[in-house]
Amino acid sequence: MPEGNHHGNPNMSKEEQKARIQQEINIANNMSHIKHKIVVMSGKGGVGKSTVAANIAETFAKKGYKTGILDVDIHGPNIPKLFGKEGQVLGIEDNKILPVMSDDNVAIMSMGFLLDSQDTPIIWRGPQKTGVIRQFISDVKWGNLDVLIIDNPPGTGDEPLTVLQTIPEADAVVMVTTPNSLSQEDVLKCVTMAKKMNIKQIGLVENMAYFECPHCGEKINIFGKNQGENFAKLMDIDYLGDIPLTEEVSNAVDEDTITTVEDPKNPVSKEFKDIVEKIEDKFFKKDE
Ligand SMILES: Nc1ncnc2c1ncn2[C@@H]1O[C@H](COP(=O)(O)OP(=O)(O)O)[C@@H](O)[C@H]1O
Ligand SMILES: [Mg+2]
Ligand SMILES: [Zn+2]
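Values in this document were obtained by computation on a predicted structure and should not be read as measured data. (Residues numbered from 1 in each chain as written. Chains lettered and ligands numbered in written order. Predicted model: local features only at pLDDT ≥ 70, side-chain atom pairs only at ≥ 80, totals over all residues.)

**Q** A description of the confidence of the model for the protein should follow, citing residues and the corresponding values.
**A** Chain-level statistics for the protein give a pLDDT mean of 87 and a share of 88% at 70 or above. A low-confidence stretch, residues 118–126 stays under pLDDT 50, and its non-local contacts, those more than four residues away or across chains, total 13 contacts. (pLDDT = per-residue confidence, 0-100. Contact = placed C-beta atoms within 7 Å.)

And the structure:
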């Protein structure tokens, strides 16, 4: 980790150390009001990690969970756009940043909002990514949440490392992959990282797993059948389900809602419901 362990580093001044301890307290406080934390990761970019994270969050919200989503992709923050909330100005209350609320009441925090709004100097104290991500966790007024979904940039860099170090009590990591060997190879690195960080519960979602013929509805497995399931078995992690490649999912980015799960009859909506049920069954049962 670039800046020593979570207590800071030995070169810090007394003041800095004090601030660091205060931040630790804020993080513990904030996180104690969030029942479940799910970290979404992938080996590669473009596999649909943000799409899956947003749809899972929306599905939880639709089920009545108080839901939040934290987008720690500093360089490509896509979550605001996925919820139709780009360009929102962040509010401040009690010295804390207020998350932006989606139309279905998902609390959203993303680097995207900071890049858009000028008057939030509070966040810029730490120039490093690590500092900003820790502030997303310590200085945002998340309030009481049932579940927080954390969307990462691809790979095993500073962002997921900081998330896993700052929220060691995370319920689970959900890996997103497409059904091809290169994406899977990189997921393996993420699984190794999560295991090293002592995350016991790891799930796999296979995105763009198949294509449904618009004429006859036949499922066409472009890359071969049951790839995700077999891969999950191989890695000894939980297989959560697959999502087809559809025009709707792709178009959802340009619309103002998570349209895929808006319509309960939509097959993709059903897939996400199944995935969320598996997350509840496999990962939440311990304290419910
Ligand atoms: N199941 C899907 N069907 C069609 N398009 C998809 C699907 N999942 C993701 N996409 C599209 O692929 C692109 C990359 O998705 P994104 O969620 O941003 O990936 P990541 O966060 O992994 O980089 C986006 O344009 C998204 O709309
Ligand atoms: Mg993304
Ligand atoms: Zn057909």
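So much for the structure itself; the text now carries on.
**Q** Go over the site of ligand 1 with me, naming the residues and quoting the values.
**A** Around ligand 1, 17 residues are found, and the nearest of them are Gly48, Lys49, Ser50, Thr51 and Ser250. Taken together, the elements giving at least two residues each to the shell around ligand 1 come down to α2 (49–62) and α9 (247–252). If you tally residues by element for the shell around ligand 1, the top one is α2, at three residues. Taken together, the residues that form the shell around ligand 1 break down as six nonpolar, 10 polar and one charged. (Near = placed C-beta within 6 Å. Helix = DSSP H or I, 4+ residues; strand = E, 2+ residues; numbered from the N terminus. Nonpolar A, V, L, I, M, F, W, Y, C, P; charged D, E, K, R; others polar.)

**Q** Hey, could you go over unusual backbone geometry for me, with residue numbers and the actual values?
**A** Non-glycine residue aspartate 94 carries a positive phi angle of around 50 degrees. In this structure, aspartate 94 sits in the loop between β3 (91–93) and β4 (96–98). Look at asparagine 226: it is not a glycine, yet its phi comes out positive at around 55 degrees. Here asparagine 226 shows up in the loop between β11 (219–220) and α8 (227–235).

**Q** Any details on the nonpolar core? Residues and values, ideally.
**A** By size, the foremost hydrophobic cluster in this structure holds 68 residues, and its most contacted members are Val40, Ile149, Val173 and Met175. Ranked by the residues each element gives to this core, the list is headed by α2, at seven residues. Once you skip the residues sitting within four places of it in the chain, isoleucine 149 turns out to touch Ile38, Val40, Ala53, Ile56, Ala57 and Ile69. (Core = buried A, V, L, I, M, F, W, Y, C linked by C-beta atoms within 7 Å. Buried ≥ 20, exposed ≤ 12 C-beta atoms within 10 Å, placed from the backbone.)

**Q** Before we move on, can you summarise the packing of helix α5 (residues 129–138) against helix α6 (residues 158–166) with the specific residues and values?
**A** At a minimum axis distance of 10 Å, the contact between α5 and α6 shows a crossing angle of 40 degrees. On the basis of their axis angle, the class for α5 and α6 is oblique. By crossing handedness, the relation of α5 to α6 is classed as right-handed. When α5 is examined against α6, the residues Lys129, Thr130, Ile133, Arg134 and Ile137 are found in contact with a partner set consisting of Asp158, Glu159, Thr162, Val163 and Thr166. Here the residues of the contact of α5 with α6 are counted per class, giving three nonpolar, three polar and four charged. (Axes fitted to C-alpha atoms, helices over the stretch in contact; angles between N-to-C directions. Parallel < 35°, antiparallel > 145°, perpendicular 65-115°, else oblique. Left-handed = near helix turned anticlockwise from the far one by under 90°.)

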